[in-house]
Amino acid sequence: MSEAGQAQNDAPPDSIHRGDTSPDAVLRDAVARARRSPFYEAHLAGHRCERIADLAALPLTFKQHLLDASPYGMLAVPATSAWHYHESSGTTGQPISTWAGLEEIRRMGRIVHERVPELDEATTLLNRFPLFAPVSFVFEEALRRAVACHIAAGNLSWDVPFDRALGFIERLSATALSSLPLEPILLRELALLQGKRLRDVFAPLRVVFAGGAVLPPALRRAIEADTDARVVEIYGSNETLLLGVSCTHGRLHLCTDLLRPEILDPKTYTPVAVGEHGILTVTSLVHETMPLVRYLTGDLVRLLDGPCACGDSRPTAEVLGRYDERIEIDGRQCMPFDVLDAGYAFTNKLGSRIFFTLVRKRGLTMLVESERPGTARDLRAERELQDRIGVPVTVEYLRTGDVLDRTAMFRGPKIYKPTEISDWRRPGRKSISIMEALLEWPHFDVRTVLRIAAREIRSRRRRRRFVREDAR
Ligand SMILES: [Zn+2]
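Described in the following lines is the structure provided in the data block. (Residues numbered from 1 in each chain as written. Predicted model: local features only at pLDDT ≥ 70, side-chain atom pairs only at ≥ 80, totals over all residues. Heavy atoms only, no water.)

## Structural notes on the coordination of the zinc ion
Then, number 1: In this structure, Cys247 (SG), His253 (NE2), Cys308 (SG) and Cys310 (SG) serve as the protein donors to the zinc ion, at separations of 2.1 to 2.3 Å.
Then, number 2: Coordination at the zinc ion is tetrahedral: its four donor atoms span angles of 102 to 116 degrees at the metal.
Then, number 3: Judged by relative accessible area, which is 0%, His253 ranks as buried. (Donors = N, O, S within 2.8 Å, 3.2 Å for Na, K, Ca; no water. Tetrahedral: all angles 85-135°; square planar, octahedral: opposite > 155°, others 65-115°. Buried < 20%, exposed > 50% of the residue type's maximum accessible area, 1.4 Å probe, protein only.)

## Some words on empty space enclosed by the protein
Then, number 1: Evaluation of the coordinates by the stated rule reveals two cavities of 30 Å³ or more.
Then, number 2: Of the volumes computed, that of the largest cavity is approximately 50 Å³.
Then, number 3: The wall of the largest cavity is formed by Ala342, Ala345, Phe346, Lys349, Ala381, Glu384, Leu385 and Arg388.
Then, number 4: Elements with a contribution of two residues or more to the lining of the largest cavity: α12 (336-350) and α13 (379-389).
Then, number 5: Here the lining of the largest cavity is built from residues that sort into five nonpolar, no polar and three charged.
Then, number 6: The computed volume of the second largest cavity comes to approximately 40 Å³.
Then, number 7: Lining of the second largest cavity is provided by Leu243, Leu254, Cys255, Thr256, Leu259, Pro261, Leu280 and Val282. (1 Å grid on protein atoms, 1.4 Å probe; cavity = no way out; pocket = protein on both sides within 12 Å on 5 of 7 lines; lining within 4 Å. Points joined across faces, edges and corners; volume = space filled by probe spheres on them. Helix = DSSP H or I, 4+ residues; strand = E, 2+ residues; numbered from the N terminus. Nonpolar A, V, L, I, M, F, W, Y, C, P; charged D, E, K, R; others polar.)

## Some remarks on the pattern of salt bridges
Then, number 1: A complete count under the given rule lists 38 salt bridges for this structure.
Then, number 2: Arg294 is the partner of Glu262 in a salt bridge, and the nearest nitrogen-oxygen pair spans 2.9 Å. Of the two residues, Glu262 is situated in strand β10 (residues 259-264) and Arg294 in the loop between β11 (277-284) and β12 (295-303); the sequence distance between them amounts to 32 residues.
Then, number 3: Overall, Arg294 belongs to the buried group, its relative accessible area being 5%.
Then, number 4: Among the ionic pairs, Asp402 bridges to Arg458, the shortest N-O distance being 2.8 Å. One end of the pair, Asp402, is in the loop between β18 (393-399) and β19 (414-415); the other, Arg458, is in helix α15 (residues 446-471), with 56 residues separating them in the sequence.
Then, number 5: A relative accessible area of 10% means that Asp402 is categorised as buried.
Then, number 6: When salt bridges with common partners are traced through the structure, they connect Arg188, Glu189, Asp226, Arg353, Glu369 and Arg406 into a single cluster. (Salt bridge = Lys/Arg side-chain N within 4 Å of Asp/Glu carboxyl O.)

## Looking at the sheet that holds strand β16 (residues 355-359)
Then, number 1: With mixed pairing, three strands are arranged side by side in an open sheet as β16-β17-β18. The open sheet has two edge strands, β16 and β18, and neither has a second partner. Averaged over all pairs of adjacent strands, the angle between strand axes in this sheet comes to 20 degrees, irrespective of strand direction.
Then, number 2: Relative to strand β17 (residues 364-370), β16 runs antiparallel, the two sharing five bridges. (Pairing = 2+ DSSP bridges. Axes fitted to C-alpha atoms, helices over the stretch in contact; angles between N-to-C directions.)

## Quick notes on the sheet that holds strand β6 (residues 207-211)
Then, number 1: In space, the eleven strands of this open sheet follow the order β4-β3-β5-β6-β7-β8-β9-β13-β12-β11-β10, with mixed pairing throughout. Two strands lie at the open edges of the sheet, namely β4 (149-152) and β10, each paired on one side alone. Neighbour-to-neighbour, the strand axes of the sheet open up by a mean angle of 35 degrees, direction not taken into account.
Then, number 2: Taken together, the five bridges between β12 and strand β13 (residues 316-322) define a ladder with antiparallel strand orientation. Across the sheet, the residue bridging to Arg302 is Glu318, located in β13.

Read these as geometric descriptors, not functional statements.
What follows is the structure, encoded as structure tokens:
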């Protein structure tokens, strides 16, 4: 790290643990901080927490509590002292308020910086996480410490569509990409559509941060094969912020310096044995703005046994995704993690990366793109796919473009600055309204329009057939 980088750094990591830094004292102080919020003042009333052994007797915190307490009830500091406000939408669409402090975001940035050695080389990060996702600011802090360049180009901003994002990697030689795990797959398809070689397009990339969704091994392998970069799993949520970062040995280490984890049975909420699946439940150890005590993240997680070869002693875990999103069919159960893991392994054998899975009445239907849909069927591979997922699966082989219309990645509108004036004397656009000046939709030739229409007709027929079958 350069001197400038050191000069930018902040207080030592344990600055809030003044005095006693034993695990018991750290937890006691954390729970005491949480009681400063109106919610925990009431929720923890009558409960003592002097040591770690007391934790299991404290009441749990559910997502519904956060929803009911929004916007201010979880705050342990005045709202204007919080560094950031974010929101995530609950299942009912009501927003859950989440607040973050600068000091805790700094700690998280430090963790990402320390655990990703690639950031110590000259780095330009193309960050596709939107600014409304707090993880963006964890990257901002990690880059600030690493004295690296940040291209804050969230995937929800209309002025940075996929082709422009791909252009950033090529033109600016971005060495790092942070995004949902699906985005590198989409960028790959776009590059191939443009007739580019993946080796050339992704040559500058050294590391891909994948977060915001599950990252099963087959998907990780696919991204690593396409980009020739190391994939780092970033695990977290808006409410808890950073929860884990994967190491150079590919295992996800939980941030036990930030939060104390428990893995609880999804039905009884009692602890499960190491290696068993359960709901990750966390208690903030350092969060000062919106501390959480025994908060059920809703994620199905399994702690892995044994130390990691990387030498980091923090526990490692496998994150299978939201327990609420599990798929149950005829008494059998699987997680989206299993579907994606088996799906990417299956399509890899077909030389494809593109599939879409429908969860239907009697099983899953996997729509898989193939260059030769007529002859692609492989019954043995399909049986393997079904065995790996654990519920009935039927596979349909579709022509390229029917699952992912790559040209749609170019079809978004161009966005301009809002204005009230259009100078018709200049060459170029002659806008006649504010919206026309703001948005410019692409024009298509007849062949493109016909192709889109034909694809639309095939999709409608397929949908009608599936609906008919499920009605029987
Ligand atoms: Zn490790």
